[in-house]
Amino acid sequence: MSLKRPALSLNLFWRTFVLLALLLTGGVAAWVQTLRQLEFEPRVTQAAQQLASLVNLSRAALQYSDGINRIAVIKTMSEREAVRILPRSKDDRWEPLETDRFTRQVGAELKALLGDETLLARSVNDEPALWIGFTIEQDPYWLQADYARVEPLTPRTWIVWVSIALFFSVLGAAVIASLINKPLKNLSFAASRIREGEYDSRLDESNITTEIRAVNIGFNRMARELAKVEEERAVMLAGISHDLRTPLARLRLEAEISVADEEARKAMALDIDQLDAIIDKFMDYARPDDTKTKPVDLGMVIEREAAAFRDKSQIRFSLRMPPGIKVHGDDVELGRVFANLFENARRYGRTVETGVAKVKVSHVITGDTVIVTVRDYGQGVPPEKLDQLTTPFFRGDAARTAATGAGLGLAIVKKALQRIGASLELVNARDGGLMAHIRLRRAN
C-alpha cells in the first residue's frame, strides 16, 4: 500500500522558519502600530508647545519695542532664527494647515494655548511654509516658521524602520529554525543509514535538551540492538548453511551408489544441486561487510558471469560493454552481483512469446560515475512492490512462489554493492521488463 504524497510538502526547517517568520512579522506590525499610537500624543503636545513658545517670545519681543526697534527686532529674528514676522492683511490668500489627524490635533492644542483667534496655514500668498496668525495689540501678524516642526514621521522613515526590524526578525527566525531542526536532521540522516543497513550511526547523547537527549539515547540503543540482531542472523545463516553441506554431500553419494534408476538419480541430483545453490545464497547474504575495494575491469567481470549461463534456450545476452572500463570494487563481489541479476532475469524475465529471457547490459559514464543497466524484457514488477524486491525472502509476484530459489538474489545484490560503496536502483522499463541501474565509482 503506497502513501499518497501531500500536494504541498515542506521540510521541517522551512515549516519552522515560516511559522517563526509569520509570528515575528506580526509582532513587528503590532509594535509599529503601538509605537505610532504612543508617539502621536507626545509629538502633538511637543509641536504645539514649541510653536506657542515661539509665538509668545516673538509677541513679547515686538510688544515691548517701539516702532523703530520693532523693525530691527523683526530683521534680527529673520536673519538669526529663520523666523519671519509679516503684517497680515485681509487680502492675504492662505490655505489651512489642518488637513490630517496630526495637524488638526496640533491646531487644537495651539489654539488652546494662544487663543481661538489663532490661525494656522500651510501657505500664504502661494508661499509654502508653516504660518501662524496672531495679534499684537489688535494688529494682525503672520509668523513664518519651518514646516518640519509639525511634520509627522514620513512613510519613508517608517519603511526604513520596519524593513530593518523585519530583516533582523527573519534572520533570527532562520537561525532559531536551524538550531531547532539540527538534532532532528541528524536523527533523520541516522535513520536513513539504519534503513540502508548501516548500524554504526550514533547520535549525541550529551545534548543539553532533555527530550532530544532521551531520543538520541533511545535511538543509539535501538541501533545497537539492530546491529546485534543482524549479526546473530548472519551467524545463524552461516552456521545453518555450513551444517547442511555435510548431509547434502552424504545424500549425493548415497544417491549415486544406491539409486539404480538413472532418471530418479538425476532428479535427486538436481534437487541436491538446488539445495546447494540455496545454501550458497545464504552464505553470500551472511558474508561480513569488510570488503576492500580495488580497480576492477568491469567488462571482463560481466563477460565472465554471462558466459556461465550457457543454455541459450533459457537466456540470451546483448552485451555492450567496451573493454578497459575500470571501477572501484571487488572482483568476487561484482561477479556475485551480476550473477544474481542474470539469474533473476533467467527466472522471472522470460518473454511471453519465446519463453527465453533476453538480457541487455549497457552503460553510461557521467563524470566519476559509471552507471551499468541490466534489463530484461519480461512482465516487470508492480510499481508498489519495486521497493520491496531487495527485501530478503520477498518475491515480486505471488505466482512466482513456485519458482526455485531462496528469495535472496536481489537482497544479496544490494548488500554486495553496499560493501563496495555502490548502489542499486530498480525500475520498470516503459516497454516492459525490469531494469537494474548500478552506480559504481570509476577508477582511473
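Residue positions are given per chain, counted from 1 along the sequence in the order it is written. Whole-chain, interface and lining totals are the exception, using all residues; otherwise, since this is a predicted model, local features are given only for residues with pLDDT of at least 70 and side-chain atom pairs are given and counted only at 80 or more. Hydrogens and water are ignored here; the side-chain numbers use all heavy atoms of the structure.

> Looking at this structure, how should I read the overall build of the protein?
Each helix corresponds to a stretch of at least 4 residues labelled H or I by DSSP, and each strand to a stretch of at least 2 residues labelled E; elements are numbered beginning at the N terminus. Scanning the protein for helices and strands turns up 9 helices and 12 strands. Type-normalised accessible area, obtained with a 1.4 Å probe on protein chains alone, sets the label of each residue: buried when under 20%, exposed when over 50%, and partly exposed for intermediate values. Looking at the protein as a whole, 35% of its 444 residues are labelled buried. Of the contacts formed within the protein by residues at least 6 apart in sequence, a portion of 67% connects residues at least 24 apart. Exposure was quantified through the Shrake-Rupley algorithm and a 1.4 Å probe, taking into account, for residues, occlusion by the shown protein chains and nothing else. Carbon and sulfur atoms make up 57% of the accessible area of the protein, which totals about 27000 Å². The contact rule is simple, with two residues in contact once any of their heavy atoms fall within 4.5 Å.

> Can you help me understand the nonpolar core in this one?
Side chains that are nonpolar tend, in soluble globular proteins, to be buried together. Here, the term nonpolar core denotes a set of buried Ala, Val, Leu, Ile, Met, Phe, Trp, Tyr and Cys residues that are joined through side-chain atoms within 4.5 Å. If you look at the biggest cluster of nonpolar residues, it comprises 36 residues, and the most contacted ones within it are Leu-298, Phe-338, Phe-342, Val-372 and Leu-440. Ranked by the residues each element gives to this core, the list is headed by helix α8 (residues 331-348), at 6 residues. Ignoring anything within four residues of it in the chain, the contact list for Phe-338 reads Leu-298, Val-301, Ile-302, Glu-305, Val-372, Val-374 and Ile-438. In terms of nonpolar packing, the next biggest core, distinct from the first, is built from 22 residues, Leu-51, Leu-97, Phe-102 and Leu-143 among them.

> Got a minute to help me understand the sheet that holds strand β7 (residues 315-319) in this structure?
Hydrogen bonds between backbone groups are what pair the strands of a sheet, and the pairing can be parallel or antiparallel. Pairing is mixed across the open sheet formed by 5 strands, whose spatial order is β7-β9-β10-β12-β11. The outermost strands of the open sheet, each flanked by one partner alone, are β7 and β11 (423-428). Each strand of the sheet is rotated relative to its neighbour by a mean of 20°, with strand direction disregarded. Sheet topology note: the strand β10 (residues 369-375)/strand β12 (residues 434-441) ladder contains 7 bridges and is antiparallel. Across the sheet, Thr-373 pairs through a bridge with His-437, a residue of β12. In this analysis, axes come from line fits to C-alpha atoms, helices being fitted only over the stretch in contact, and the angle between any two N-to-C directions falls in the range 0 to 180 degrees. Helix α7 (residues 298-307) contacts β7, β9 (357-366), β10 and β12 of the sheet and is inclined by roughly 165° relative to β7. Seen against the sheet, helix α9 (residues 409-419) touches β11 and β12 and runs at an angle of roughly 140° to β11. Strand pairing is assigned whenever DSSP identifies at least 2 bridges connecting the two strands.

> Teacher, can you tell me more about the pattern of salt bridges here?
Side-chain pairs of opposite charge can arise where the charged atoms are in close proximity. For salt bridges, the criterion is a side-chain nitrogen of Lys or Arg within 4 Å of an Asp or Glu carboxyl oxygen. Overall, the coordinates contain 8 salt bridges when judged by the stated rule. Because the salt bridges share partners, they merge into one network encompassing Arg-304, Glu-305 and Asp-331.

> Teacher, can you tell me more about the environment of Phe-317 here?
Mapped onto the secondary structure, Phe-317 falls in strand β7. Sequence separation between Phe-317 and Ala-357 is 40 residues; the distance between their C-alpha atoms is 8.5 Å. Apart from the residues lying within four places of it in its own chain, the contact partners of Phe-317 are Ala-306, Phe-309, Phe-342 and Val-359.

> Would you take a moment to explain the packing of α7 against α8 for this structure?
For any two helices packed against each other, the geometry comes down to the angle between their axes and how far apart the axes lie. Relative orientation of the contacting elements α7 and α8 amounts to 45°, with a least axis distance of 9 Å. Comparing the axis directions of α7 and α8 gives the class oblique. Note on packing geometry: the crossing formed by α7 with α8 is right-handed. Contact residues: Leu-298, Val-301, Ile-302, Arg-304, Glu-305 and Ala-306 in α7; Asp-331, Leu-334, Gly-335, Phe-338, Ala-339 and Phe-342 in α8. Orientation categories follow fixed angle ranges, with anything under 35 degrees roughly parallel, anything over 145 roughly antiparallel, 65 to 115 roughly perpendicular, and all other angles oblique. Whether a crossing is left-handed or right-handed is set by the direction in which the near helix is turned from the far one by less than a right angle, anticlockwise for left-handed and clockwise for right-handed.

> How do you make sense of unusual backbone geometry when you look at a structure like this?
Working note: non-glycine residues mostly have negative phi, and peptide bonds are mostly trans. At Asn-125, a position not held by glycine, the phi torsion is positive, near 50°. Mapped onto the fold, Asn-125 is located in the loop between β3 (119-124) and β4 (127-136). A positive phi angle is found at Asp-126, which is not glycine, with a value near 65°. In this fold, Asp-126 is placed in the loop between β3 and β4. Residue class for Asp-126 comes out exposed when judged on its relative accessible area of 64%.

> What is the right way to read α9 from this model?
In an α-helix, one turn spans 3.6 residues; hence positions three or four apart end up facing the same way. Extensive coverage of α9 is indicated by the burial of 9 of its 11 residues. Along α9, the residues that are buried comprise Gly-409, Leu-410, Ala-411, Ile-412, Val-413, Lys-415, Ala-416, Leu-417 and Arg-419. Phi turns positive one or two residues past the end of α9, at Gly-421, with a value near 75°.

> I'm lost on the packing of α8 against α9 in this one. Help?
Relative orientation of the contacting elements α8 and α9 amounts to 155°, with a least axis distance of 9 Å. Classified by the angle their axes make, α8 and α9 are roughly antiparallel. Considering how the two elements wind past one another, α8 and α9 form a crossing that is left-handed. In contact with Glu-333, Arg-336, Val-337, Asn-340, Leu-341 and Asn-344 of α8, α9 contributes Gly-409, Leu-410, Ile-412, Val-413, Ala-416, Leu-417 and Arg-419. For this classification, Asp, Glu, Lys and Arg are treated as charged, while Ala, Val, Leu, Ile, Met, Phe, Trp, Tyr, Cys and Pro are nonpolar and the rest, including Gly, are polar. Looking at the contact of α8 with α9 residue by residue, the classes come out as 7 nonpolar, 3 polar and 3 charged.

> Explain the side chain of Arg-346 to me, please; I cannot follow it from the model alone.
In this fold, Arg-346 is placed in helix α8. In this structure the side chain of Arg-346 is engaged in a polar contact, spanning 2.8 Å, whose partner is the side chain of Gln-314. Side chain to side chain, Arg-346 and Glu-343 meet in a polar contact 2.4 Å long. For Arg-346, the contacting residues outside a window of four places in its chain are Phe-309, Gln-314, Ile-315 and Ala-357. Side-chain atoms alone can form a polar contact between residues adjacent in sequence; in general such a contact is a pair of N or O atoms within 3.5 Å, and within protein one must be able to donate a hydrogen while the other accepts it.

Read these as geometric descriptors, not functional statements.
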